[in-house]
Amino acid sequence: MHPGTIIRFDQIDSTNAEARRRAEAGQTGPVWLNARRQSAGRGRRGRAWEGEAGNLFATLLTTTRKAPAEAAQATFIAALAVADLLDAFARPGAVTIKWPNDVMLGGAKAAGILVESGAHAVGGLWLAVGIGVNLAHAPEGTERPAAALASHLRPDIAYPPSPEAAMEVLAQAWAEWAGRWEEIGFQPVLDAWVRRNATLHGPCVARLGHETVEGVAEGVEGDGSLRLRLADGTLRLISAGDVFFGDGV
């Protein structure tokens, strides 16, 4: 699959907002929107995403004919692409993924992924796959520890890549995983994602839109949903939410 065109901005409100504007104007992509700075970057559940210079802020605008439930699998592709990007520069074994799409360095969050979608005028869905990666700086005062690639580099690498160089690596990694997804299906993506995930079993708390549930994680379903066994023995399938693993969560 072609990695797509890259359009660069010195500053923008939000690359996801720009992708939405372009989609609603009829553009189909694939095109990557890459900004040096964002003034209104967003994370999951409306949170702000800090936009320090030296980090990567990008959104892929693309379209798909997949059903909405399948299109949501793009978040797993994005996580794998970010993990591949970080792997190219980080110490061996430092990169992991926490369900569903938090890419971690040394156990701390190093990237954020936000996938938005809508019906496209030409048919199918437009996808805005927003990705922020802490290359040079990690935000402070976050709910859970954050990390930057600069603190986890391989011994033979002195500096993290520039946002422009990282963008090229990310676009290529996305194209490779998305190509497998389109040609073979979700299973090879899920298999690779599971291999990078060390926290699919054990005590777990999931903050959903309207409730918080607690139980024991029992891996994932074939569509990537988290299997959560509640105290009363019932099984809940969690498709989206903020999830925390480990004793004492």
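In what follows, the structure referred to is the one given above.
Residues numbered from 1 in each chain as written. Predicted model: local features only at pLDDT ≥ 70, side-chain atom pairs only at ≥ 80, totals over all residues. Heavy atoms only, no water.

Chemist: Please clarify how the packing of aromatic side chains should be interpreted in this entry.
Modeler: Describing an aromatic ring pair means giving the distance of the ring centres and the angle of the ring planes. All chains considered together, the criterion is met by 3 aromatic pairs. Arranged with centres 5.4 Å apart and planes meeting at 75°, the rings of F76 and F186 form a pair that is edge-to-face. Of this pair, F76 sits in helix 3 (residues 74-87) while F186 sits in the loop between helix 4 (163-183) and helix 5 (187-195), and the two are 110 residues apart along the sequence. A relative accessible area of 5% means that F76 is categorised as buried. Members of the aromatic cluster, joined through ring pairs, are F76, F186 and W193. Sitting above the plane of the W181 ring, K66 keeps its charged end 4.7 Å from the centroid. If you follow R180 out to its NZ or CZ, it ends over the ring of W177, 4.3 Å from the centre. (Phe/Tyr/Trp six-rings, centres within 6.5 Å; stacked < 30°, edge-to-face > 60°. Helix = DSSP H or I, 4+ residues; strand = E, 2+ residues; numbered from the N terminus. Buried < 20%, exposed > 50% of the residue type's maximum accessible area, 1.4 Å probe, protein only. Lys NZ or Arg CZ within 6 Å of the ring centre and 35° of its normal.)

Chemist: How do you make sense of the sheet that holds strand 9 (residues 201-207) when you look at a structure like this?
Modeler: Two strands in a sheet stick together by hydrogen bonds in their backbones, pointing the same way (parallel) or opposite ways (antiparallel). Taking strand neighbours across the sheet as the criterion, the 5 strands line up as 12-11-10-9-13 in an open arrangement whose pairing is antiparallel. Strand pairing shows two members of the sheet lacking a second neighbour, strand 12 (235-238) and strand 13 (242-245), which therefore form its edges. Averaged over all neighbouring strand pairs, the angle between strand axes comes to 40°, with direction disregarded. Both strand 10 (residues 212-220) and strand 11 (residues 226-230) contribute to a ladder of 4 bridges, which runs antiparallel. (Pairing = 2+ DSSP bridges. Axes fitted to C-alpha atoms, helices over the stretch in contact; angles between N-to-C directions.)

Chemist: Just to check I follow, could you spell out the pairing of strand 3 (residues 56-64) for this structure?
Modeler: In regular strands, side chains alternate between the two faces of the sheet. With 8 of 9 residues buried, strand 3 lies mostly within the body of the structure. With 5 bridges connecting them, strand 2 (residues 31-38) and strand 3 associate as antiparallel partners. Paired with L33 across the strands is T59, a residue of strand 3. For strand 3 and strand 8 (residues 125-133), the ladder comprises 9 bridges, and the chain directions are antiparallel. Paired with L61 across the strands is A128, a residue of strand 8.

Chemist: Help me out: how do you make sense of helix 1 (residues 15-24) in this one?
Modeler: Helical geometry note: an α-helix holds 3.6 residues per turn, so side chains three or four residues apart project in the same direction. Counting buried positions along helix 1 gives 7 out of 10 residues, so the element sits mostly inside the fold. Looking at the packing, one finds that the buried side of helix 1 touches strand 1 (5-12), strand 2, strand 3, strand 7 (111-119) and strand 8. Capping the start of helix 1, S14 holds a side-chain oxygen 3.2 Å from the backbone nitrogen of N16, two or three residues further along. One or two steps after helix 1, the chain reaches G26, where phi turns positive at roughly 105°. (Contact = heavy atoms within 4.5 Å. Polar contact = N/O pair within 3.5 Å; in protein donor to acceptor, adjacent residues only side chain to side chain.)

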